Amino acid sequence: MAGDAIAAVEHVFRQERGRVLAGLMRRFADLGLAEDVLQEACRKALELWPQTGIPSNPAAWLSAVARNAGLDQVRRAGKSVADGEAVLSCLPMSVIEEAPVIEDDRLRLLFICCHPALAPEAQVALALRTLCGLSTVEIARAFGVAEAALSQRLLRARRKIAEARIPFALPPKRELQQRLAQVLHVIYLVFSEGYCASGGASLLRADLCAEALRLGRLLDSLQPGQPEVQGLLALMLLQASRGPARLSPEGYLLTLEEQDRRLWGEALIAEGLAVLEQALPARAPGPYQLQAAIAALHARAVAASQTDWRQISALYGALLRHKPEPLILLNAVIACAMAHGAAHGLAWLDRLEALPSLANSHYLHAARADLLRRQGNRSGALAAYARAATLATNAVERQYLLRRHGEMRLPLV
C-alpha cells in the first residue's frame, strides 16, 4: 500500500502540479507560498495515504490541504484571509478589462513565468518547474548548467515575482504581442523535452507533449488568427503524430526512414495540416510556420523514399534567415545532403564542427555517421557512431547509436 501511495503522489505531482499550483497562485498571489504549501500537502499525503487509502480525487485532496495550509500561513503573518482570496482586486481596472478572458489558471501562470521582468533563461526554467513539474536536475541537464546554479536561478525568479508584485493575470492587449514570442518559445521547449528527453532512460515523455499541446490550443483560442501561434500548434501536432512509430516493439529508437508510417496518428496529422492551412493566408511566414511546413512535407510522404528533400532543404534555407542557430543549421545540412548527396553534406559538417556548440554534440557525429554509412565508408561510420554514442545523454538515443555501430561491424555478405 505504501508503494501505491508513493506512486499516486508522484503521479499527481507530475500530472497535476501545474493546475494545483496555478490555483494556489490565484488564491494567494505568492508563488513561493504556493510552492511551499503544495510541497507540504505532498508530504502529508505520503504520511496519510498508506493508512487511509488514496482519495478518489488525489489532486483535489492536495489542493484542499495546500489551500488550508496557505490560509494558516496568511493568518499567522497577520494578514486577513481576504488578502489571500481577492487576488485581482488590487489590479487597475484597465488591466482587468483589457485582459482577454480565458478560464485557465495555468495559462496565466505561463505568462507570469514569461514576464519581461525575469531573465529569459529564468523564464524557461521557471515554466518547466512550475507548470510541468520537471525536477531541478532535469532542467539543469536540459540547459547544460550545474544543478546548484539552476536552483539559484529559480530562487531569484521567485523573488523577482514577489518583489515586482507581478499580478496573476494575463497581460493587457498592448503588452500581449511583446510577450507572445517568449511564451511560444517556452511552450515549444516543453514539447521538445517531452518529444525527445534530454536525458534519462526514456525517449518520450507523453505528459509534457500533452501539456504543451494543450497550452498551444489554449493560446490559439486566446489569440485567434495569429499565424505563428497556429504555426507552433501545427508543428507540435505533426511531430506528435509520429510518437507511436518512433520506438520499435523492443524499445529501439527508429528514425523517420525506419518508421512504419501506418502507425502515424492520422487525426493529429489532419488537425496539424488544417491549422497550418489557416496560417498561410496571412502571408507572414515565421519560424514556427516554416518548421510546420517541413513537418507537413514529411507527413504527406507515404514513404521515406518519396520525401521532397529539395523542398525541405529550401524551407530550411528560409528558416535560417529567421533562426540562424547551430542545430537548425545542422538540420539544414542534413536536408541538403539528402537532396543533393552525402558528399555535399559531409563537407558542411566539417565546417560545423568548428562551432563550439556543435563540436561535442552527438547529433553532429550521428549525422556524420549516417552520411558516411550511405557512402559506404565503413571505418569512418564506425568511428562516428562510437563518438556519438559516448556523447549522447539519453539512454534510448545511445542505444540506437550503439545498435547502428554494431550493425556496421557485421561482416558484409
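Residues numbered from 1 in each chain as written. Predicted model: local features only at pLDDT ≥ 70, side-chain atom pairs only at ≥ 80, totals over all residues. Heavy atoms only, no water.

**Student:** Got a minute to help me understand the overall build of the protein chain in this structure?
**Tutor:** Helix and strand counts for the protein chain come out as 21 helices and zero strands. Rg of the C-alpha trace for the protein chain: 24 Å, near the compact-globule value of 22 Å for 413 residues, within the 12% margin. Judged by the C-alpha coordinates and their principal axes, the protein chain covers about 80 × 55 × 40 Å. Put simply, the protein chain has 413 residues, and 51% of those count as buried. Of the contacts formed within the protein chain by residues at least 6 apart in sequence, a portion of 67% connects residues at least 24 apart. Carbon together with sulfur atoms contributes 55% to the accessible area of the protein chain, which is approximately 19400 Å² in total. Mean positive and mean negative side-chain charge positions of the protein chain (46 and 40 charges, respectively) differ by 3 Å. (Helix = DSSP H or I, 4+ residues; strand = E, 2+ residues; numbered from the N terminus. Rg over C-alpha atoms; globule rule 2.2 N^0.38 Å. Buried < 20%, exposed > 50% of the residue type's maximum accessible area, 1.4 Å probe, protein only. Contact = heavy atoms within 4.5 Å. Areas by Shrake-Rupley, 256 points an atom, 1.4 Å probe, with all protein chains shown as cover. Lys, Arg positive; Asp, Glu negative; His and termini not counted. Charge placed at Lys NZ, Arg CZ, Asp CG, Glu CD.)

**Student:** Mind showing me how you'd approach the packing of aromatic side chains here?
**Tutor:** Working definition: an aromatic ring pair is given by the centre-to-centre distance plus the angle between the planes. Under the defined criterion, the tally for this structure stands at four aromatic pairs. When the centroid spacing of 6.2 Å and the interplanar angle of 10° are considered together, the rings of Tyr188 and Phe191 count as stacked. With Tyr188 and Phe191 both in helix H10 (residues 173–195) and three residues apart, this pair spans about one turn of that helix. Judged on exposure class, the residue Tyr188 and its partner Phe191 are both buried. On the numbers, 5.7 Å between centres and 15° between planes, the contact of Phe191 with Tyr195 is stacked. With Phe191 and Tyr195 both in helix H10, this residue pair falls four residues apart, about one helical turn. With a relative accessible area of 0%, Phe191 lands in the buried category. Within the aromatic cluster, the residues linked to one another by ring pairs are Tyr188, Phe191, Tyr195 and Tyr288. (Phe/Tyr/Trp six-rings, centres within 6.5 Å; stacked < 30°, edge-to-face > 60°.)

**Student:** So what exactly am I meant to see when it comes to the environment of Glu193 here?
**Tutor:** Here Glu193 lies in helix H10. For Glu193, a relative accessible area of 9% translates into the label buried. A sequence separation of eleven residues divides Glu193 from Leu204, and the C-alpha atoms of the two residues are 8.2 Å apart.

**Student:** How should I be thinking about the confidence of the model for the protein chain in this particular structure?
**Tutor:** Close reading of the predicted structure is inappropriate where its pLDDT is low. Model confidence for the protein chain is summarised by a mean pLDDT of 86, while 91% of its residues fall at 70 or above. Element-level mean pLDDT values for the protein chain span from 36 in helix H5 (residues 93–98) up to 98 in helix H14 (residues 287–300). (pLDDT = per-residue confidence, 0-100.)

**Student:** Would you mind going over helix H20 (residues 378–391) with me for this structure?
**Tutor:** The periodicity of an α-helix, 3.6 residues per turn, causes residues three or four places apart in sequence to face the same way. The end-to-end C-alpha distance of H20, which contains 14 residues, comes to 20 Å, matching closely the 20 Å that a straight helix rising 1.5 Å per residue would cover. Packed against the buried residues of H20 are helix H19 (362–375) and helix H21 (395–409). (Expected span 1.5 Å × (residues − 1).)

**Student:** Can you help me understand the packing of H20 against H21 in this one?
**Tutor:** The interhelical angle for the contact between H20 and H21, taken along N-to-C directions, is 160°, at an axis separation of 9 Å. Classified by the angle their axes make, H20 and H21 are roughly antiparallel. By crossing handedness, the relation of H20 to H21 is classed as left-handed. Contacts from Arg378, Ala381, Leu382, Tyr385, Ala386, Ala388 and Ala389 of H20 reach H21 at Arg398, Leu401, Leu402, Arg404, His405, Met408 and Arg409. Partitioned by chemical class, the residues of the contact of H20 with H21 number nine nonpolar, one polar and four charged. (Axes fitted to C-alpha atoms, helices over the stretch in contact; angles between N-to-C directions. Parallel < 35°, antiparallel > 145°, perpendicular 65-115°, else oblique. Left-handed = near helix turned anticlockwise from the far one by under 90°. Nonpolar A, V, L, I, M, F, W, Y, C, P; charged D, E, K, R; others polar.)

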